[in-house]
Amino acid sequence: MTPQETQQDLPRDLRIGVIGVGRMGADHVERITRRTKGARVSAINDFRRETAEQVAASAPGARVVDSPEELIAADEVDAVLITSPGQFHRDQAIACIDAGKPVLCEKPLAMNPADAYDVVRAEHASGQRYVSLGFMRRFDAEYAELKDALEAGEVGTPMVLNCKHRNAEVPPGFTDAHMVYDSAVHEIDAISFFLDEPATSVQTIIPRSTENAPDGLHDPMLLLFRTASGVVVTDELYVNTGAGYEVRTEVVGSRGTATIGLDISRVTTQQPGGTWGGSVPADFRPRFVAAYDAEVQAWVDAIAAGTNIAERSATAWDGYLAAAVCDAAEKSLTSQDAIEVQLEARPA
Ligand code: ISE
């Protein structure tokens, strides 16, 4: 065998183009460059060119390109990771489908159900599966364990799901719509993931707000969901605690309960004065780093295996379901009434 033939037979790294390298995108570039096997970053785009150049400097071989369209079309891009703001996801995901390139799109798939449904239809019309959606919690070890326990019937029939989602702080400009489409969207997907059925109605309940919240933000906020089989889900969202990042899920079943996110290992009970304390992660990146790593690796492996979408990954349809539930939650913000989720038919 000549050296040339050996070279050709070696599996080539998947060349990933990353659109949007703010906080999350830069994190993904670092992950792909240092920890993901069988992949490298080949192109980067950000509307702030200087940011793109800074991040590209840390990824050997990555070229900065001028626009998302140019990145998606580039020959040296085999697959695309979208981490731009949510309002651009529809067009960028559809451009990837049109270019025949697998795409991992960060959540949300879109900022309204109509846009999300457009992505579902475009993928369906292409006759291929291209779109993975970045609901990384599906790849978290505790989430996976709870899912397996539910499937094995360990707590019997689920009746109630209690969720908590607390951030130390959120970026400037965060609105009630972001609380729904950016934060609660994770629990909305978790409902489908854990229960194998989406929420069919949602009611928003607004208590008095924290003084840490910027003017006009309803923080905290409670969401009450129902599913077709009769499960009730509560979600307490509080995104300006000033403390740390806490994500908990408790399932109340007919034969027992199961809780994840307690982080007992971090809790100390022997502090002076008998206080019960401990520490929580600063934000979602340290808390879910292993989940993000596993999600991106599973995506790269699925593309290498020719399936494009990892088995546990959320799909465009999951993104559409989440957007439809977010839409009902947003409508409920004004009236605080329970709003039914409106769904289009799933393309057959
Ligand atoms: C953020 O965008 C995320 O996706 C985090 O996982 C979530 O916890 C946070 O609330 C969002 O703002």
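Residues numbered from 1 in each chain as written. Predicted model: local features only at pLDDT ≥ 70, side-chain atom pairs only at ≥ 80, totals over all residues. Heavy atoms only, no water.

Moving on: the domain arrangement of the protein. By domain assignment, the protein separates into domain 1 (3–137 + 292–315) and domain 2 (140–283 + 324–340). One C-alpha centre belongs to domain 1, the other to domain 2; they are set 28 Å apart. Each partner contributes to the interface: domain 1 provides 11 residues, whereas domain 2 provides 18 residues. Approximately 1,400 Å² of surface area, both sides summed, lies buried where domain 1 meets domain 2, with 56% of it carried by carbon and sulfur atoms. When residues of domain 1 are sorted by the area they lose upon contact with domain 2, Phe-135, Arg-137 and Arg-312 head the list and together hold 54% of the total. At the boundary of domain 1 and domain 2, one finds two salt bridges. Between Glu-187 and Arg-137 there is a salt bridge whose closest N-O contact spans 2.8 Å. Across the domain 1-domain 2 interface, the total number found is seven residue pairs in polar contact (both at pLDDT 80 or more). Residue composition of the side of domain 1 that touches domain 2, by class: six nonpolar, one polar and four charged. (Domains from an automatic or database assignment. Contact = heavy atoms within 4.5 Å. Buried area = accessible area lost by both parts, 1.4 Å probe. Salt bridge = Lys/Arg side-chain N within 4 Å of Asp/Glu carboxyl O. Polar contact = N/O pair within 3.5 Å; in protein donor to acceptor, adjacent residues only side chain to side chain. Nonpolar A, V, L, I, M, F, W, Y, C, P; charged D, E, K, R; others polar.)

Following the sequence through the fold, Arg-138 ends up in the loop between strand E6 (131–134) and helix H7 (141–151). Residue classification places Arg-138 among the buried positions, given a relative accessible area of 8%. Engagement of the side chain of Arg-138 in a polar contact is seen with the side chain of Asp-189, the distance being 2.8 Å. Not counting chain neighbours up to four residues away, the residues in contact with Arg-138 comprise Asp-189, Phe-193, Arg-312, Ser-313, Ala-314 and Asp-318. (Helix = DSSP H or I, 4+ residues; strand = E, 2+ residues; numbered from the N terminus. Buried < 20%, exposed > 50% of the residue type's maximum accessible area, 1.4 Å probe, protein only.)

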